[in-house]
Protein chains: 2
Amino acid sequence: MDAGLVGRVRRFNRTVTQRIGVLNDAYLARGRSLGQSRVLWEIGPEGIEVRSLRARLDLDSGYLSRLLRALETDGLVVVEADETDARVRRIRLTPAGAVERAELDVRSDELAASILRPLDDAQRDRLVVAMAEVERLFVASLVEVTATDPAHADARHCLRAYAAELDRRFPGGFDLGTAHPAHLSPPAGLLLVARLHGEPVGCGGLVFRGEGVAEIKRVWVAASMRGLGLGRRLVTELESTATEHGANLLRLDSNRALPEAARLYRSAGYQEVAPFNDDPYAQLWFAKTIA
Amino acid sequence: MDAGLVGRVRRFNRTVTQRIGVLNDAYLARGRSLGQSRVLWEIGPEGIEVRSLRARLDLDSGYLSRLLRALETDGLVVVEADETDARVRRIRLTPAGAVERAELDVRSDELAASILRPLDDAQRDRLVVAMAEVERLFVASLVEVTATDPAHADARHCLRAYAAELDRRFPGGFDLGTAHPAHLSPPAGLLLVARLHGEPVGCGGLVFRGEGVAEIKRVWVAASMRGLGLGRRLVTELESTATEHGANLLRLDSNRALPEAARLYRSAGYQEVAPFNDDPYAQLWFAKTIA
DNA sequence: CTGGTTCTCTGACTAAGGTCAGGGAATGGA
DNA sequence: TCCATTCCCTGACCTTAGTCAGAGAACCAG
């Protein structure tokens, strides 16, 4: 990797963590320990189950239990058994706890404001624009793409969302019909799922048709993640996976109701070709020869 | 302050500290405590005095002493008395210590690379550009401007640098001459010094001429800090300070050899006026009426 | 030479963060 | 019904981070 780029990222890391990281901790946890503050913050207004809190903050069960006990004796939270499963415990903020949490909110605002305050209006605008760009690209870099069994809950979530979106956007609706996802499992094919913090946010499938031909299927990106280059990344990873499986020709069909898909494929080097199937939803056919 | 801007800064803080902050600590200090790693890193290849290490990391003297003892028993550093002052102790890295420090360097690179890796070339370039912008504006927001006695070491550093720069840039050189800085002290005037992490990086003076007239003098910004809007900020703060002292007309003289200064004053609303003094270095005169 | 100051170190102590083993209640599937 | 599992809790323990008081050596100004 380009050493110049790496060096600049390191510089950024140093400057920015100095400014936020250090403060964030000390600042936000005034009067209360950082652990307690983090828990208080994460509980949120609707309450939360202890187990999901533990997962989210990645805390040891004994440690979290003690933190909750401390918050409880301070009268900031109440811990009660879940209605449906008495093993599970739910935490709620008391009014006093909500006040403390609001206080954290104010401090967080304060910290943000203290960064903006010394700047003039033009600088503030430039800063916010640049921050948004960095944030988007950071989020993009946090996405992990892994081959996943189509029967896995995450995969099914993606495939369902894919079908729902097509149904919404195609003038005549869309029905996956009898199409069984089995053809997306090895050895007939495979499915890549993109995840952000463990949550599925996109997918892309591949079906091997034999004789070096593979078909791209079911490429979908969550609405909240569009514009981050995730579609492009899925296609690129599908291509390299296809190559690993001995394919040298990739093809796919699409629909005129999805102009952004056609744009993506064209810019990735796919060219429109004659129809190679009679799929009722197919209106455009693309192909690309890969190394 | 605009709540939308604050909210966006907070979003950025959250995403970015999640990505770097958390990692930075745990990651970099693998196998060794964060405190020891920080010290090891800060020692650097040339060694350092214990007292400056203490100042730089803001550590308790007892605590640092213990950290050094631990590093010493691990054979990573040697602590020896300073040659000229036996109270002061100097720390050097042993070869083993240098290896460990290099290891930290590699991990830091790794962290940066792990952010870049999932991105394509175009995204990497965009990220680095946006990071540079954020970093510059963060640095700008870290600068603190305070009124300072012109006799203070920081102030003298700035005034010396100011004179040296003019001497370098004026065709005929520049000599502050007998100009005593006393006129930059209250009540005759004042001097603002801009500091980054306690280091002086800029200044700007004000001299009160009576009858609501104040003169801007000795505006200087360190070469490393140019392009961050610091000059503009100094002028703005000089203006508000002048207002507080009852001035309603600000004026200043400048020289054609400093085009960026003239540009700054013009864009800040200063207009060229007839000469109001016969300073041998003055070639341009500006004035602005303030609220 | 003296007394105050600077610099580092040691001892004693505290709080926070975190790990690990095990126990008891609730649950769900065979 | 019984047994394995899930979920949370408690007790015991450890490291790191950090504070504070004071001691001792070196230095410096008078």
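Keep in mind that what you see is a predicted model, and the values were worked out from it rather than measured.

Caption draft 1: Broad picture of helix 6 (residues 121-142) of chain B. Here helix 6 of chain B is 22 residues long and its end C-alpha atoms lie 31 Å apart, about the 32 Å a rise of 1.5 Å per residue gives. For helix 6 of chain B, the capping residue at the N-terminal end is B:Asp120, with a side-chain oxygen 3.1 Å from the backbone nitrogen of B:Ala122.

Caption draft 2: Just the state of the cysteines, in detail. A complete count under the given rule lists zero disulfides over all chains for this structure. This cysteine, A:Cys203, is not joined by any disulfide, and A:Cys158 carries the nearest cysteine sulfur, 4.5 Å off.

Caption draft 3: Seen up close, the relation of the copies chain B and chain A. With an axial shift of 0.1 Å and an RMSD of 0.3 Å, the rotation relating chain B to chain A amounts to 180°. As the rotation angle and translation indicate, the two copies are arranged about a two-fold axis.

Caption draft 4: Quick look at the packing of aromatic side chains. Residue and element names in this part refer to chain A. Overall, the coordinates contain twelve aromatic pairs over all chains when judged by the stated rule. Three or more aromatic residues joined by ring pairs make a cluster, and in this case those are Tyr162, Phe170, Phe174 and Tyr281. One cation-aromatic arrangement involves Arg101 over Trp41; the distance from NZ or CZ to the ring centre is 4.2 Å.

Caption draft 5: Seen up close, the sheet that holds strand 2 (residues 77-81) of chain A. All names here are of chain A. As summarised here, the arrangement of the three strands in space is 1-3-2, forming an open sheet in which the pairing is antiparallel. On the outer flanks of this sheet lie strand 1 (48-49) and strand 2, each paired with one strand and no other. Judged from the two bridges that link them, strand 1 and strand 3 (residues 89-93) form a sheet pairing that is antiparallel. Residue pairing in the sheet places Ile48 in a bridge with Ile91 of strand 3. With respect to the sheet, helix 4 (residues 61-73) is in contact with strand 2 and strand 3, its orientation differing from that of strand 2 by roughly 120°.

Caption draft 6: Focus on the interface of chain B and chain A. Facing the 51 residues of chain B at the interface are 52 residues of chain A. Interface of chain B and chain A: buried area, both sides summed, is about 5100 Å²; carbon and sulfur atoms make up 70% of it. When the buried surface of chain B facing chain A is broken down by residue, B:Arg10, B:Glu135 and B:Phe138 rank first, second and third, together holding 13% of it. Counting across the interface, chain B meets chain A through three salt bridges. In this structure, the salt-bridge partner of A:Glu135 is B:Arg11, at a minimum N-O distance of 2.8 Å. Here chain B and chain A share five residue pairs in polar contact (both at pLDDT 80 or more) between them. Among the secondary structure elements, those contributing two or more residues to the side of chain B that touches chain A are helix 1 (3-28), helix 5 (95-116), helix 6 and helix 8 (230-244) of chain B.

Caption draft 7: A look at the packing of helix 6 (residues 121-142) of chain A against helix 6 of chain B. Remark: helix 6 of chain A packs on helix 6 of chain B, axes separated minimally by 8 Å, with the N-to-C direction vectors making an angle of 140°. Taken as axis vectors, helix 6 of chain A and helix 6 of chain B run oblique relative to one another. For the pair helix 6 of chain A and helix 6 of chain B, the crossing hand works out as left-handed. The segment helix 6 of chain A lies against helix 6 of chain B, with A:Gln123, A:Arg126, A:Leu127, A:Ala130, A:Met131, A:Glu133, A:Val134, A:Leu137 and A:Phe138 engaging B:Gln123, B:Arg126, B:Leu127, B:Ala130, B:Met131, B:Glu133, B:Val134, B:Leu137 and B:Phe138. Taken together, the residues that form the contact of helix 6 of chain A with helix 6 of chain B break down as twelve nonpolar, two polar and four charged.

Scoring rules and cut-offs
- Residues numbered from 1 in each chain as written.
- Chains lettered and ligands numbered in written order.
- Predicted model: local features only at pLDDT ≥ 70, side-chain atom pairs only at ≥ 80, totals over all residues.
- Heavy atoms only, no water.
- Helix = DSSP H or I, 4+ residues; strand = E, 2+ residues; numbered from the N terminus.
- Expected span 1.5 Å × (residues − 1).
- Polar contact = N/O pair within 3.5 Å; in protein donor to acceptor, adjacent residues only side chain to side chain.
- Disulfide = S-S within 2.5 Å.
- Least-squares fit on C-alpha atoms with pLDDT ≥ 70 in both.
- Phe/Tyr/Trp six-rings, centres within 6.5 Å; stacked < 30°, edge-to-face > 60°.
- Lys NZ or Arg CZ within 6 Å of the ring centre and 35° of its normal.
- Pairing = 2+ DSSP bridges.
- Contact = heavy atoms within 4.5 Å.
- Axes fitted to C-alpha atoms, helices over the stretch in contact; angles between N-to-C directions.
- Buried area = accessible area lost by both parts, 1.4 Å probe.
- Salt bridge = Lys/Arg side-chain N within 4 Å of Asp/Glu carboxyl O.
- Parallel < 35°, antiparallel > 145°, perpendicular 65-115°, else oblique.
- Left-handed = near helix turned anticlockwise from the far one by under 90°.
- Nonpolar A, V, L, I, M, F, W, Y, C, P; charged D, E, K, R; others polar.

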